[in-house]
Amino acid sequence: MACGFGVCLGCAAPLREGGYALVCRDGPAFDAASIDWERLP
Amino acid sequence: MKESQGVDTAVDLGGISLRNPVLTASGTFGYGTEFAPFLDLRRLGGFVAKSLTLEPRIGNPPPRIAEAPSGMLNAISLENVGVEAFIGEKLPAIPEGVTVIASVFETDIDGYAEVCKRLTGVPRIAGLEVNASCPHVKSGGIEFGQDPAVLGRLVRAARRATTLPLLVKLSPNVTHIAEMARVCEAEGASGISLINAVQALEVDPETRRPLLANGLGGLSGPAIRPIALRMVWQASQAVSIPICGVGGIESAADAVKFLLCGATAIQVGTSNYLQPSIAGDVADGIVEYAARHGYPRIRDLVGALEFPGR
């Protein structure tokens, strides 16, 4: 993470529904079913 | 708010009146409300919002950022809410008295013109900054700001599309920044902002892959400051339009360096991530410098560098 508060958009976590959530702002814990594990590095 | 100690802090950046020379850089400051818990934005001259495109963009796959010596790499790829959501939702949330400069990006020249046109006449928007460089966006091949002919067509189209003060943010990924500055001046830009991030690469020798999913990214932060200072100085020797200096500013002293090299105003970028209140401290520190050195007007610092042989 660069900023940790939702501004740099660096901590993108791919979502099953498409697009990305931010780990700092929307997480750090996520419902496992919502994450697109294939696209997670 | 710190008292200005009798120092006149106002500057005019290509027709945008700023209460002081400190702005924040596009992409590092969200849409103006995210920093409210840390900083009263009215302490700044203003801010430049995240670059807007016609339609929302979701950005690149992760990893989007990586550590680099004295800086960072990014390949965010211009994730943004799109121009309509900015106008409808983000702008109204920005407190009164904050100067807003909107940044514009698109993947073709007509797109840039359309976004410029859409933003013109929208209340609260004091000026536009055309993002002529994104070191890692694949559409279009090279950065617009890397080819003087392409840059010229872009600035001409943007100039036709808006009556607002029009800044052009230049790419450093060129051989002659002065040439690019002259192109912007010739096509009617109100001013230029430089520099954007430097095209760069970091790799992991254990995986034998780049750290970023995109491969290449843009280097920003203190590592690029001497490059930025050099380019601001070179541009200032080439054009008369005002310059907004950007690149690795960490302190008021750094900001003053850019003013001395010919910048009328500056932008703090990457440093916002380490200390969200930094831009306010920079604004206060410039006043202290001016008072200490006997400059009653900050704008008299612009270009005051004593360069050998000049």
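The rules behind the values
- Residues numbered from 1 in each chain as written.
- Chains lettered and ligands numbered in written order.
- Predicted model: local features only at pLDDT ≥ 70, side-chain atom pairs only at ≥ 80, totals over all residues.
- Heavy atoms only, no water.
- Helix = DSSP H or I, 4+ residues; strand = E, 2+ residues; numbered from the N terminus.
- Rg over C-alpha atoms; globule rule 2.2 N^0.38 Å.
- Buried < 20%, exposed > 50% of the residue type's maximum accessible area, 1.4 Å probe, protein only.
- Areas by Shrake-Rupley, 256 points an atom, 1.4 Å probe, with all protein chains shown as cover.
- Contact = heavy atoms within 4.5 Å.
- Buried area = accessible area lost by both parts, 1.4 Å probe.
- Salt bridge = Lys/Arg side-chain N within 4 Å of Asp/Glu carboxyl O.
- Polar contact = N/O pair within 3.5 Å; in protein donor to acceptor, adjacent residues only side chain to side chain.
- Nonpolar A, V, L, I, M, F, W, Y, C, P; charged D, E, K, R; others polar.

### Concerning the overall build of chain B
- The helix and strand inventory of chain B stands at 8 helices and 16 strands.
- Relative to the globule expectation of 19 Å for 310 residues, the C-alpha radius of gyration of chain B, 18 Å, shows essentially globular dimensions.
- Within chain B, the fraction of its 310 residues that count as buried is 60%.
- Accessible area for chain B stands at about 12,300 Å²; split by element, carbon and sulfur atoms hold 52% of it.

### Here's the deal with the overall build of chain A
- Scanning chain A from terminus to terminus reveals 1 helix and 2 strands.
- Taken from the N to the C terminus, the helices and strands of chain A come in the order β-β-α.
- Put simply, 7% of the contacts in chain A that link residues at least 6 apart link residues at least 24 apart.
- Taken as a whole, chain A presents about 2,300 Å² of accessible surface, with 52% of it coming from carbon and sulfur.

### Focus: the interface of chain A and chain B
- Residue-level contacts link 14 residues of chain A with 22 residues of chain B.
- Summed over both sides, the interface between chain A and chain B buries roughly 1,400 Å², with carbon and sulfur atoms accounting for 73% of that surface.
- Counting the contacts that link chain A with chain B gives 0 salt bridges.
- Taken together, the connections running from chain A to chain B amount to 1 residue pair in polar contact (both at pLDDT 80 or more).
- Residue composition of the side of chain A that touches chain B, by class: 11 nonpolar, 2 polar and 1 charged.

### A short note on the pattern of salt bridges
Residues and elements named next belong to chain B.
- Per the stated rule, a full pass over the model turns up 14 salt bridges over all chains.
- Between Arg-43 and Asp-284 there is a salt bridge, and its shortest N-O distance comes to 2.9 Å. Here Arg-43 is found in the loop between strand S3 (22-24) and strand S4 (47-48), whereas its partner Asp-284 is found in helix H8 (residues 278-293), with 241 residues between them in sequence.
- Overall, Asp-284 belongs to the buried group, its relative accessible area being 18%.
- Between Arg-64 and Glu-79 there is a salt bridge, with its nearest N and O atoms 2.7 Å apart. You can see Arg-64 sitting in the loop between S4 and strand S5 (65-68) and its partner Glu-79 sitting in the loop between strand S6 (71-74) and helix H1 (83-90), a full 15 residues away along the chain. For the residue pair Arg-64 and Glu-79, the accessibility class agrees, reading buried in each case.
- Within this structure, Arg-225, Glu-250, Asp-254 and Lys-257 form a network of salt bridges that share partners.

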